[in-house]
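# Breakdown of the fold
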Amino acid sequence: MALEFETRFDPAYGEAVQVAPDVLRVTVNNPSAFTFHGTNSYIVGRSTLAVIDPGPEDEGHLQSLLRAIDGRPVSHIFVSHTHRDHSPLASRLASETGALVCAEGPHRAARPLRIGETNPLDASADTDFAPDHALADDELVEGDGWAIRAIHTPGHAANHAAFALENTGILFSADHVMAWATSIVAPPDGAMSDYMASLDRLLARDDTVFFPGHGGRVKNPQRFMRGLKAHRKMRERAILDRVTRGDRTIPEMVSSIYRDTDPRLHGAAALSVLAHLEDLVARGVVTTATEPSIDAVYLPG
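These numbers come from a predicted model, not from an experiment.

On to the sheet that holds strand β7 (residues 133-134), then. Reading across from one edge, β1-β2-β3-β4-β5-β6-β7 is the order of the seven strands in this open sheet, with mixed pairing throughout. The sheet is open, and its two edges are formed by β1 (17-20) and β7, each paired on a single side. As paired elements, strand β3 (residues 40-44) and strand β4 (residues 49-52) share three bridges and run antiparallel to each other. From the neighbouring strand, Val44 faces β4, where its bridge partner is Ala50. Packed on one face of the sheet, helix α1 (residues 59-69) meets β2 (23-27), β3, β4 and β5 (74-79) and runs near 160° to β2.

Written out as structure tokens, the structure reads:
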């Protein structure tokens, strides 16, 4: 199934944009190759509110959120995962509002570091974050006129969660499913096997629209996620093809498979290839004399 991305998006920095009944979006002015136009924060409710993904430590964004909140009480702050473009502002917003901070848990990697391995994503990890309440999978949090269900969706990050607004068809998909690009799955923070299982988890639901952490809404999430699965399987086949043709290292594979990709993203692409290779090695399709790593040599299984 063809995967069609939607890159039209007006961030309307500093403004509260209504995207659904009792749902406002406020986008941080932190555009980059990884954040698109910036990180989306969402404000849910009418009287007593919930905030989803307050965003990075950014004074301007904090003031934008407070203007949108407009003096109304905030009972809960939900954090999808602990990358620095999503979670750091939770502490200051909680201090301003008295809200309870809820998330799957503190930052952690999907697997331990291997001997001699460094984590290239350390700088993006909010290791200071600790939720007031650790959300269990499928836990329902009820507020004033709204109820939000936590759905654990590891893959992009080990502690990633999506949030479903009960009885509305709305799911806040954070960085797991976005309309503008595929999610980055980069070991050791994330794992491809986890990501694919999380896609299946959301495919089994009947949500009708996703509001992601970056960019605009995913209008037909079931169709789009089937496209994401097909895309990942196509990427897996491309990696296997390169190994069969004689590529032995990840840089060789990246230079071929991602030759039309923005060079600024080649580092992330290498980690994505590693994520696929970890899965392929675990399944015995590809072999390596050492543990899978960026520097390992790969052979057909």
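Picking up after the structure, the text goes on.
Turning our attention to unusual backbone geometry. The linkage connecting Pro187 with the following residue, Pro188, adopts the cis geometry, with an omega of 5°. With respect to the element layout, Pro188 can be found in the loop between β11 (170-174) and α3 (192-203). Positive phi, normally seen in glycine, also occurs at Asp70, with a value near 55°. The topology assignment puts Asp70 in the loop between α1 and β5. Positive phi is not limited to glycine here, since Ala174 has a value of about 50°. Residue placement: Ala174 occurs in strand β11. Looking at Ala174, the relative accessible area reads 4%, which means it is buried.

Take the pattern of salt bridges next. Under the criterion given, the structure shown has 16 salt bridges. A salt bridge links Arg111 to Glu278, with the nearest nitrogen and oxygen atoms 2.8 Å apart. Of this pair, Arg111 sits in the loop between β6 (100-103) and β7 while Glu278 sits in helix α6 (residues 266-282); the two residues are 167 residues apart in sequence, bridging distant segments of the chain. Of the two residues examined, Arg111 and Glu278, each falls in the buried class.

Moving on to the sheet that holds β11. If you trace the five strands from one edge of the open sheet to the other, you get β8-β9-β10-β11-β12, paired in mixed fashion. Across the chains shown, the open sheet's two edge strands, defined by having one partner strand only, are β8 (140-142) and β12 (209-212). Averaged over neighbouring strand pairs, the angle between their axes works out to 25° when direction is ignored. Two strands pair when backbone bridges link them, and strand β9 (residues 147-152) and strand β10 (residues 161-165) are joined in this way by five bridges, in the antiparallel orientation. By the bridge assignment, Ala150 is partnered in β10 with Phe163. Contacting β9, β11 and β12, α3 crosses the sheet at an angle of about 145° to β9.

Taken as a whole and judged by the stated rule, the model has one cavity of 30 Å³ or more. Quantified by volume, the largest cavity comes out at close to 40 Å³. Lining the largest cavity are Asn40, Tyr42, Ile52, Asp53, Ser80, Phe163, Phe172, Ala174, Phe211, Pro212 and Gly213. When contributions to the lining of the largest cavity are tallied by element, the ones reaching two or more residues are β3, β11 and β12. Tallied by class, the residues present in the lining of the largest cavity amount to seven nonpolar, three polar and one charged.

Criteria and thresholds
- Residues numbered from 1 in each chain as written.
- Predicted model: local features only at pLDDT ≥ 70, side-chain atom pairs only at ≥ 80, totals over all residues.
- Heavy atoms only, no water.
- Pairing = 2+ DSSP bridges.
- Helix = DSSP H or I, 4+ residues; strand = E, 2+ residues; numbered from the N terminus.
- Contact = heavy atoms within 4.5 Å.
- Axes fitted to C-alpha atoms, helices over the stretch in contact; angles between N-to-C directions.
- Buried < 20%, exposed > 50% of the residue type's maximum accessible area, 1.4 Å probe, protein only.
- Salt bridge = Lys/Arg side-chain N within 4 Å of Asp/Glu carboxyl O.
- 1 Å grid on protein atoms, 1.4 Å probe; cavity = no way out; pocket = protein on both sides within 12 Å on 5 of 7 lines; lining within 4 Å.
- Points joined across faces, edges and corners; volume = space filled by probe spheres on them.
- Nonpolar A, V, L, I, M, F, W, Y, C, P; charged D, E, K, R; others polar.

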